[in-house]
Amino acid sequence: MFGSRFYILFIGILLLTVINVGAAPETVRLSNGAWTVDIATQSLAVNAYPVRSETAVPISAAQPGFGDVVEFAQDNNTVSWRIADRFLTVRFELIGESLSVEFVHDKQASDTIRLTWPVIEDSESLLAYILPLFEGSYVPKDDVTWQDFLAERGPINTTAGLSMPFWGLDLTDRTLTYILTNPFNNQIRFNKTSSSELGMQVSHTFTPNWEQRRYGLHISLGAASPVAPAKQYRHWLQQNAEFVSFAEKIEKTPAAEKLLGAAHVYLWGGKLLSQYDVTDWQTFAIRLSGDSGVARQIWTQLNAEAQKAIREIAQSAHPSKYVRRVVSRAISEQLEKPDFYNPTLWTEIPLTSETETLISRDVSTLSLTEVYRRNCLLFSAAFSDPLRHPDEWGDGFSVKLLEQFAENRLDRLWLGVDSWQDGFRHPTAVAKAKELGYLVGPYDSYHSIHHPNEKDTWETAQFDLTLYETGGIVNADGTMSRGFKKKGYHLSPLVAQPYVENRVNGIVDQMPSDFNTWFIDCDAYGELYDDYSTSHPATQLDDMRARLARISWIRDTHNMVVGSEGGAAYSAATLHFAHGMTVPVIGWGDPDMKSKTSPYYVGGYWPPEGPAVHIKQVPLKPNYLYHYYDPRFRLPLYQIVFHDSVITTHHWGSGSLKFENAIGTLALLEQLYNIPPLYHLNMAEFSKHKAWIKRHYAFFSPLHRHIGGQAMTDFEWLSNDRQVQRAEFGDAVEIYANFGTDPFKHKGHKGVIIMGRSVVARWMDTGKIEVFSVE
């Protein structure tokens, strides 16, 4: 008995020497061999002192009146306390070169509660902010243009506004990295002071729909490199088993290997008949306006504009592109009608056995693909002389353009079409693309839902009335969350899955040759929702998981290579590719880019054969060039983290050839970062840009096949003006880019010379050199 009591007393004394419980000191110190951290318990000011450094590293500034401290406890390098009036438990732990910070809100409340921490103010050692804005940005603290841009931008959502949930500080001789361990319900706000200093504060909202309300950060010192924060985040992902390599993805979906070396192309002009499918327009127009039964049936169904265009073409041996497009569109509309076939009109016209089989079946048993095929074969039989065979029809999405790609040695391409209907219309093009080794697939989205009777709608937003009335996301105030362009509602991904499966299965079932890739818009952009619906409540975490689940279902059930918009970090383990990371959508809502009288007008969504918003080349406003393209402010943060996990390129609104004053710089960035270009093409656009595309592809594609699945292991500036840069891909290849106009001689590697406006790739094992130049 005596021995037991002594043992208990001994343990109690020992614990008291390790754990200090009681009144809180004004400042608590955590220290190890790497650094010392001082924490002000009342104001949550935190300063760090790296070993062998006399200069303090401010981690967060003081916030007076934060609250009374109770239940203070310290166990070696872990300290915690409660702020009673805020129902918060605060915990700091120092582990090596990392400081773990966590806030737990423990009150079950119906209201949202906001916490601001950290607050970052200007300091003598602070040079710049390192921010994962899209691919990555380097923001000098005293750059007034950047100060205004960030301050005027307002709060930045850390899942949509940041591509990855971290940021870094360039502190001259080191970096400081902040990783958000809970990326949801956070906002970053930049503040420009009267003395032109740039500060930053981060806020987290504890929302009532979470069972556990936690907000945390992982803060660490790093090397004096602009990409050190990205390396820290990559290491953190790997430590937490949240990183999936591209090699692992290929094992699961072998077709994903076709992304290595592939340029990305959106194809336009997917209607059934294009202007290029008529070999003799004058003869064709004369026969269309003739007296045959088939011609009369078609003529009576055409609108006045199409009839006028046909009469004009009949009088001209060289009709304009405009009237040819008017007629080909009008005929395409007729050929999509299930009731196009009138048996009495084709009795004297020879038909193929395939056509005979299709017309022998009741139209209600035909799929859309079969209806289109039947009608095109019938039309071709009636007007065979001035027409190509329907197997060759189409503009951008056609066998004839695909064959041009192959003839020009573009042997790896990702091909996207605006609608799955393009696949129904041109199954021979789908089959040809796959035969040539390309990836080909449709655009799809489950972002918004419209009423079934909505006039100005789009096909991806159409489901049924029941889902429209019950499936919309509900805001905290009980109102419905409005959909894209304020139309309809945002659709809850928690209830959409049966509709996803029904749509995708239905499309695949109708395809004679299946698509092998699928693009799902919005799901990886980072726009996540808290849903306060009583029937499908969700946190942003729930919302994210449901989005990733549907992407995974498409990928795994149909063996698809899957991609989405953006490529936010939470989606990286799931996706094969993403559009919108290297260059995002630019100038959304800018009146200068929407006004037809402005030189910066990007164009509208017409004509359908090549929408000007994607095809028309225009200059980009200087302020956008500065923030999105200027190489002095760009960093390959996303590539440092995910180059060997996800293939990323530009948003379709900011394609490689869209902004005429950025094409050369963007091409150098593409080659330096080893990421694919993105084009919008049809027959005319490929003819126009073919030489450039081939030259870019000849350098990019073989190199990307070699290192596209490897990590970008380092990045550095080689010149003081940051115009000469170097990226390293393991021990395989190093790539140099000179964005300036003067040659630059690198002191290492036997004096590699990088000419102005050029990229040099050097193989490390053999010393082999290849050069790409934009001028």
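Residues numbered from 1 in each chain as written. Predicted model: local features only at pLDDT ≥ 70, side-chain atom pairs only at ≥ 80, totals over all residues. Heavy atoms only, no water.

**A short note on the sheet that holds strand S30 (residues 724-729)**
Ordered by their spatial adjacency, 5 strands build an open sheet running S29-S30-S31-S34-S35, and the pairing between neighbours is antiparallel. Among the strands making up the open sheet, the edge pair consists of strand S29 (714-717) and strand S35 (769-773). Strand-to-strand twist across the sheet, computed as the mean angle between neighbouring axes with direction ignored, equals 15 degrees. Taken together, the 4 bridges between S29 and S30 define a ladder with antiparallel strand orientation. If you follow Phe 715 over to S30, its bridge partner there is Ala 727. Taken strand by strand, helix H22 (residues 683-707) contacts S30, strand S31 (733-738), strand S34 (758-763) and S35, and its axis lies near 140 degrees from that of S35. (Pairing = 2+ DSSP bridges. Helix = DSSP H or I, 4+ residues; strand = E, 2+ residues; numbered from the N terminus. Axes fitted to C-alpha atoms, helices over the stretch in contact; angles between N-to-C directions. Contact = heavy atoms within 4.5 Å.)

**Topic: the packing of aromatic side chains**
All chains considered together, the criterion is met by 42 aromatic pairs. Each ring, one from Phe 103 and one from Trp 117, has its centre 5.8 Å from the other, and the planes form 55 degrees; the classification is tilted. Of this pair, Phe 103 sits in strand S9 (residues 98-105) while Trp 117 sits in strand S10 (residues 113-120), and the two are 14 residues apart along the sequence. The same class applies to Phe 103 and to Trp 117, which are both buried. When the centroid spacing of 5.9 Å and the interplanar angle of 80 degrees are considered together, the rings of Phe 284 and Phe 383 count as edge-to-face. On the criterion of sequence distance, the pair formed by Phe 284 in helix H5 (residues 281-288) and Phe 383 in the loop between helix H10 (368-382) and helix H11 (399-407) is long-range, its members being 99 residues apart. There is no split in this pair, since Phe 284 and Phe 383 are both buried. Aromatic rings pair up to connect Phe 134, Trp 146, Phe 149, Tyr 624, Tyr 626, Tyr 628 and Phe 633 into one cluster. Here the guanidinium or amino end of Arg 234 rests over the ring plane of Phe 243, the centre of that ring lying 4.6 Å away. One Lys or Arg, Lys 594, reaches over the ring of Trp 588 and ends 5.1 Å from the middle of that ring. (Phe/Tyr/Trp six-rings, centres within 6.5 Å; stacked < 30°, edge-to-face > 60°. Buried < 20%, exposed > 50% of the residue type's maximum accessible area, 1.4 Å probe, protein only. Lys NZ or Arg CZ within 6 Å of the ring centre and 35° of its normal.)

**A word on the sheet that holds strand S4 (residues 46-50)**
Here we have 4 strands laid out as an open sheet, ordered S2-S3-S4-S5, and antiparallel in their pairing. Edge positions in the sheet fall to strand S2 (27-31) and strand S5 (57-60), since each has one partner strand and no second. Sheet twist, expressed as the mean angle between neighbouring strand axes with direction ignored, is 20 degrees. Pairing of S2 with strand S3 (residues 35-40) involves 5 bridges; the strand directions are antiparallel. Within the sheet, the bridge partner assigned to Ser 31 lies in S3 and is Thr 36.

**Thoughts on the environment of Phe 284**
For Phe 284, a relative accessible area of 0% gives the class buried. Along the primary structure Phe 284 and Ile 310 are separated by 26 residues, whereas in three dimensions their C-alpha atoms are 8.8 Å apart.

**Concerning the layout of surface pockets**
What the second largest pocket holds in volume is close to 500 Å³. Contributing to the lining of the second largest pocket are 27 residues, with Pro 183, Glu 242, Met 544, Ala 569 and Tyr 570 lying nearest its centre. Breaking the lining of the second largest pocket down by element, the ones donating at least two residues are helix H3 (228-239) and helix H16 (540-557). Among the elements that take part in the lining of the second largest pocket, H16 stands out by supplying 4 residues, more than any other. Considered class by class, the residues forming the lining of the second largest pocket number 19 nonpolar, 6 polar and 2 charged. (1 Å grid on protein atoms, 1.4 Å probe; cavity = no way out; pocket = protein on both sides within 12 Å on 5 of 7 lines; lining within 4 Å. Points joined across faces, edges and corners; volume = space filled by probe spheres on them. Nonpolar A, V, L, I, M, F, W, Y, C, P; charged D, E, K, R; others polar.)

**Description of the packing of helix H7 (residues 304-314) against helix H8 (residues 321-335)**
Direction vectors running N to C along H7 and H8 enclose 130 degrees, while the axes themselves pass 9 Å from each other. The pairing of H7 with H8 is recorded here as oblique in orientation. Like other packed secondary-structure pairs, H7 and H8 cross with a definite hand, here left-handed. Note on element contacts: H8 touches H7 through Tyr 322, Val 323, Arg 324, Val 326, Val 327 and Ala 330, opposite Glu 305, Ala 306, Ala 309, Ile 310, Glu 312 and Ile 313. Per-class residue counts for the contact of H7 with H8 are 9 nonpolar, no polar and 3 charged. (Parallel < 35°, antiparallel > 145°, perpendicular 65-115°, else oblique. Left-handed = near helix turned anticlockwise from the far one by under 90°.)

**Quick look at empty space enclosed by the protein**
If you roll a probe as big as a water molecule over the atoms, it shows you where there is empty space left. By the definition in use, this model includes 5 cavities of 30 Å³ or more. Within this model, the largest cavity holds a volume of roughly 110 Å³. Lining of the largest cavity is provided by 13 residues; of these, Arg 373, Pro 390, Arg 425, His 426 and Pro 427 occupy positions nearest its centre. Those elements that provide at least two residues to the lining of the largest cavity are H10, helix H12 (420-425) and helix H13 (427-435). No other element matches H10, which puts 4 residues into the lining of the largest cavity. In terms of residue class, the lining of the largest cavity is made up of 7 nonpolar, 3 polar and 3 charged.

**Some thoughts on the packing of helix H15 (residues 493-510) against H16**
The geometry of H15 relative to H16 is characterised by a closest axis approach of 10 Å and an angle of 15 degrees between their N-to-C directions. In terms of orientation, H15 lies roughly parallel with respect to H16. Considering the relative orientation of H15 and H16, their crossing is right-handed. Residues Pro 493, Leu 494, Ala 496, Gln 497, Val 500, Glu 501, Val 504 and Asn 505 of H15 touch H16, and the partners they reach there are Asp 542, Asp 543, Ala 546, Arg 547, Arg 550, Trp 553 and Ile 554. Here the residues of the contact of H15 with H16 sort into 8 nonpolar, 2 polar and 5 charged.

**Quick word on the pattern of salt bridges**
In the structure shown here, the tally under the stated rule is 38 salt bridges. A salt bridge links Arg 425 to Glu 336; the nearest nitrogen and oxygen atoms lie 2.7 Å apart. Taken together, the positions of Arg 425 in helix H12 and Glu 336 in the loop between H8 and helix H9 (353-360) put the pair 89 residues apart, joining distant regions of the chain. The exposure class assigned to Glu 336 is partly exposed, which follows from its relative accessible area of 22%. One network of salt bridges, in which partners are shared, links Glu 716, Arg 726, Glu 728, Glu 734 and Arg 762. (Salt bridge = Lys/Arg side-chain N within 4 Å of Asp/Glu carboxyl O.)

**What about the nonpolar core?**
With 204 residues, the main nonpolar core has Phe 92, Leu 99, Trp 167 and Phe 405 as its most contacted residues. Ranked by residue count, the leading element in this core is H22, at 8 residues. By size, the runner-up hydrophobic cluster in this structure holds 17 residues, among which are Leu 260, Leu 439, Phe 519 and Trp 652. (Core = buried A, V, L, I, M, F, W, Y, C linked by side-chain atoms within 4.5 Å.)

**Quick look at the environment of Glu 469**
With respect to the secondary-structure elements, Glu 469 resides in helix H14 (residues 465-470). Between the alpha carbons of Glu 469 and His 450 there is a distance of 9.7 Å; along the sequence they are 19 residues apart.

**Considering unusual backbone geometry**
Residue Trp 117 is joined to Pro 118 through a cis peptide bond whose omega torsion reads 5 degrees. Geometrically, the link from Trp 606 to Pro 607 is a cis peptide bond, its omega value of 0 degrees lying close to zero. Tracing the backbone shows Pro 607 in the loop between helix H17 (591-594) and helix H18 (612-615). Even without glycine at this site, Phe 87 takes up a positive phi of about 55 degrees. As for its position among the elements, Phe 87 is in the loop between strand S7 (78-83) and strand S8 (88-95). Given a relative accessible area of 31%, Phe 87 falls into the partly exposed group. Phi at Ala 241 takes a positive value of approximately 55 degrees, unusual for a residue other than glycine. With respect to the helices and strands, the residue Ala 241 is situated in the loop between H3 and helix H4 (246-252).

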